[in-house]
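Below, each chain spelled out in residue letters.
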Amino acid sequence: MSATRERGLTELYQDDPERADALTFGRRTGIERRGFLKGAGLGAMAAAVGGAIPFAADMPAGLIPAALAQAAPAAAPAAAPAAAPAGPKPLQMPGKAEILVIQERPLNAETPQHMLDDDVTPTAKYFVRNNGLPPDQLGAPASWRITVDGEVNTPLTLTVAELQQRFTPVTLKLQMECGGNGRSFFTPEARGNQWGNGAAGCAEWTGVRLRDVLQAASLKTSAVYTGHYGADKNLQGTDAPVISRGIRIAKAMDEDTLIAFRMNGEALPNIHGGPARLIVPGWAGSTSQKWLTRIWIRDKEHDGQGMGGFSYRTMRTPIVPGGQAAEADTQILESMPARSIITSPEHGAKLPANTRQINLRGAAWAGDKTVQAVQVSVDFGASWTAAQLSAPANRHAWQRWTAAVTLPSAGYFEVWSRATDQDGKMQPHAAGNWNPQGYGANPVNRVAVLVA
Ligand SMILES: Nc1nc2c(c(=O)[nH]1)N[C@H]1C(S)=C(S)[C@@H](COP(=O)(O)O)O[C@H]1N2
Ligand SMILES: [Mo]
């Protein structure tokens, strides 16, 4: 491996691009692997990214250019060199756009960032995250049953039709992202689907408040947590639940936590959990149980599938990335950290040679919190400019932003964006608080642009 590297990056890529990628990146998405470009001169790097790097002097040592590090959609953008890692395949499914398949069985597909350029994410573009196989025996949506039991005075079993009759309908724009969103940015690689930033979306959900249903069931004073169950089947063919996560009662009683049966004004599609699912906005998406059949009210933190070991757990005390983690020193993932994404221009965009200004659009969110600022940079973070940030359409909706950046010349640029939450907490430059299963990676967003 080291012998191959000594041959220099350009030569390596010319001879055998696939092998070069395997050696340098090891997988589809990349990471700042310190020292990986060691020995490769600036010329080699410029050749690899397809153009001179005007802000090369500001480039942190060891940084892998985003054009090389981050896979671009299969429809290869011009700035991504021919040698860039081959991207995942586009999804082929009726009713769904060609989002990117990360895993085929179970089906997992993420939305490329430039396809998240709507205020409200269309259902067709919304990411898909399955831990098992969606149920095929669904019956009539109106007769789908959901049970609420455990620490309640009045256990309930209600059909969707009864939920709709008994409780006030609510329609809200709510952001939700997979707890593993951004996992591919961890170094070293953490276990699980190597998501970029596109296991996220902000759809318009219609349903009833979970709070209203829990009040109808009358919570006992011992009720502290929920446990969720769905009708999907696991891949092992046993009866064990595919995933059974839960939330603290306070979040269950938040007026934005819904049992949803409509998505973007239409009946909830099966692939997104129809006939009925939970939407727990701002928290790890795994708590938003699809094909919801039961909510078990617990007198302690729920201990279902996906609550123990290192599942959906982050470190209380930071450890050395890739190092030994102790289960006892983990905590369950709840509200997600701040994240911003650039939704235009597209990663890998090639712009006309005379381009000196780029208008940017993006989205930002921060779990239960609002985003107070988004900043952008085109000089590898040496200087930052404030973006115009809009207020959320409602609490727990993502926020859209726009900005304009100016360029000194043609060449290879990276547009970076970073969000700051209401408490002043900002996206880090590299994914921090490494944990074995890779949750909560929210580094500064980077998009490669070639002006040539
Ligand atoms: N029943 C069930 N619910 C589930 C899952 C699942 O595998 N089974 N996956 C969860 C995870 S990890 C996420 S991120 C979201 C994804 O929702 P989506 O597929 O509608 O995007 O659903 C959650 N609800
Ligand atoms: Mo998830």
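Reading the values: rules and limits
- Residues numbered from 1 in each chain as written.
- Chains lettered and ligands numbered in written order.
- Predicted model: local features only at pLDDT ≥ 70, side-chain atom pairs only at ≥ 80, totals over all residues.
- Heavy atoms only, no water.
- pLDDT = per-residue confidence, 0-100.
- Contact = heavy atoms within 4.5 Å.
- Near = heavy atom within 4 Å.
- Polar contact = N/O pair within 3.5 Å; in protein donor to acceptor, adjacent residues only side chain to side chain.
- Areas by Shrake-Rupley, 256 points an atom, 1.4 Å probe, with all protein chains shown as cover.
- Pairing = 2+ DSSP bridges.
- Helix = DSSP H or I, 4+ residues; strand = E, 2+ residues; numbered from the N terminus.
- Phe/Tyr/Trp six-rings, centres within 6.5 Å; stacked < 30°, edge-to-face > 60°.
- Buried < 20%, exposed > 50% of the residue type's maximum accessible area, 1.4 Å probe, protein only.
- Lys NZ or Arg CZ within 6 Å of the ring centre and 35° of its normal.

Q: Give a description of the confidence of the model for the protein that names residues and reports values.
A: Averaged over all residues, the pLDDT of the protein equals 90, while 87% of them reach at least 70. Below pLDDT 50 for its whole length, residues 1-7 participates in 9 contacts with residues either more than four positions away or in separate chains. Low pLDDT (under 50) marks residues 25-35, which in the prediction has 50 contacts with non-local residues, meaning those over four places away or in another chain.

Q: Could you give me a rundown of the site of ligand 1, with the residues and numbers involved?
A: Around ligand 1 lies a shell of 19 residues, among which F127, N131, D232, R277 and K290 are the nearest. For ligand 1, an oxygen atom lies 2.6 Å from a polar atom in the backbone of F127. N131 has a polar backbone atom sitting 2.7 Å from an oxygen atom of ligand 1. Calculation on ligand 1 without its partners gives an accessible area of 530 Å², and the protein chains cover 100% of this total.

Q: Which residues make up the sheet that holds strand β18 (residues 371-377), and what values go with them?
A: The pairing of strands in a sheet comes from backbone hydrogen bonds and takes either a parallel or an antiparallel form. Within the open sheet, the 5 strands sit side by side as β16-β23-β22-β18-β19. Their pairing is mixed. Both outer strands of the open sheet, β16 (349-351) and β19 (385-386), are each paired with one neighbouring strand and no more. As judged from the 6 bridges shared by β18 and strand β22 (residues 411-421), these two strands associate in the antiparallel manner. Of the residues in β22, the one forming a bridge with V371 is D421.

Q: Just give me the short version of the packing of aromatic side chains, but keep the residues and values in it.
A: On inspection of all chains with the given rule, the structure shows 6 aromatic pairs. Here the aromatic rings of Y126 and W205 are separated by 5.8 Å at their centres, their planes lie at 85°, and the arrangement is edge-to-face. On the criterion of sequence distance, the pair formed by Y126 in the loop between β2 (108-110) and β3 (128-129) and W205 in strand β7 (residues 200-209) is long-range, its members being 79 residues apart. Residues Y126 and W205 agree in their burial class; the two are buried. Here the guanidinium or amino end of R298 rests over the ring plane of W296, the centre of that ring lying 3.7 Å away. One residue, R418, lies across the ring of W384, its end atom 3.9 Å from the ring centre.

Q: Kindly report on the pairing of β7, identifying the contributing residues and their values.
A: In the case of a regular strand, side chains alternate between the two sheet surfaces. Within β7, 9 of the 10 residues are buried, leaving the element largely enclosed by the surrounding structure. In this sheet, β7 lies alongside strand β6 (residues 169-177) in antiparallel orientation, the contact comprising 9 bridges. Within β7, the position partnered with L174 by the bridge is A203. In the sheet, β7 pairs with strand β9 (residues 258-263) via 5 bridges, with the strands oriented antiparallel. Bridge pairing links W205 to M263 in β9.

Q: Residue-level account of the environment of E414, with values.
A: Summarising the element assignment, E414 is placed in strand β22. By relative accessible area, which is 0% here, E414 ends up buried. For E414 and D379, which are 35 residues apart along the polypeptide, the C-alpha to C-alpha distance reads 7.2 Å. Residues contacting E414, with those up to four places away along its chain left out, are L63, P65, A66, S377, V378, F380, R446 and V447. A polar contact of 2.7 Å, which involves the side chain of E414, links it to the side chain of Y412.

Q: I'd like to hear about the environment of T370, residue by residue, with values.
A: Tracing the backbone through its elements, the reader meets T370 in the loop between β17 (357-365) and β18. Under the relative-accessibility criterion, T370 is labelled partly exposed at 33%. Residues contacting T370, with those up to four places away along its chain left out, are P392, Q399, D421 and Q422.

Q: Could you give an account of the sheet that holds strand β15 (residues 339-344), with specific residues and numbers?
A: Pairing is antiparallel across the open sheet formed by 4 strands, whose spatial order is β15-β17-β21-β20. Each end of this open sheet is capped by a strand with a single partner; those strands are β15 and β20 (388-389). In this sheet, strand β21 (residues 399-406) lies alongside β20 in antiparallel orientation, the contact comprising 2 bridges. Along β21, the bridge assignment pairs Q388 with T402.

Q: Before we move on, could you go through the pairing of β17 and cite the residues and values that matter?
A: In terms of strand pairing, β15 meets β17 through 5 bridges, oriented antiparallel. Directly across from I341, in β17, lies its bridge partner A363. Relative to β21, β17 is paired through 8 bridges, and the arrangement is antiparallel. Residue pairing across strands places I358 opposite V405, the latter belonging to β21.

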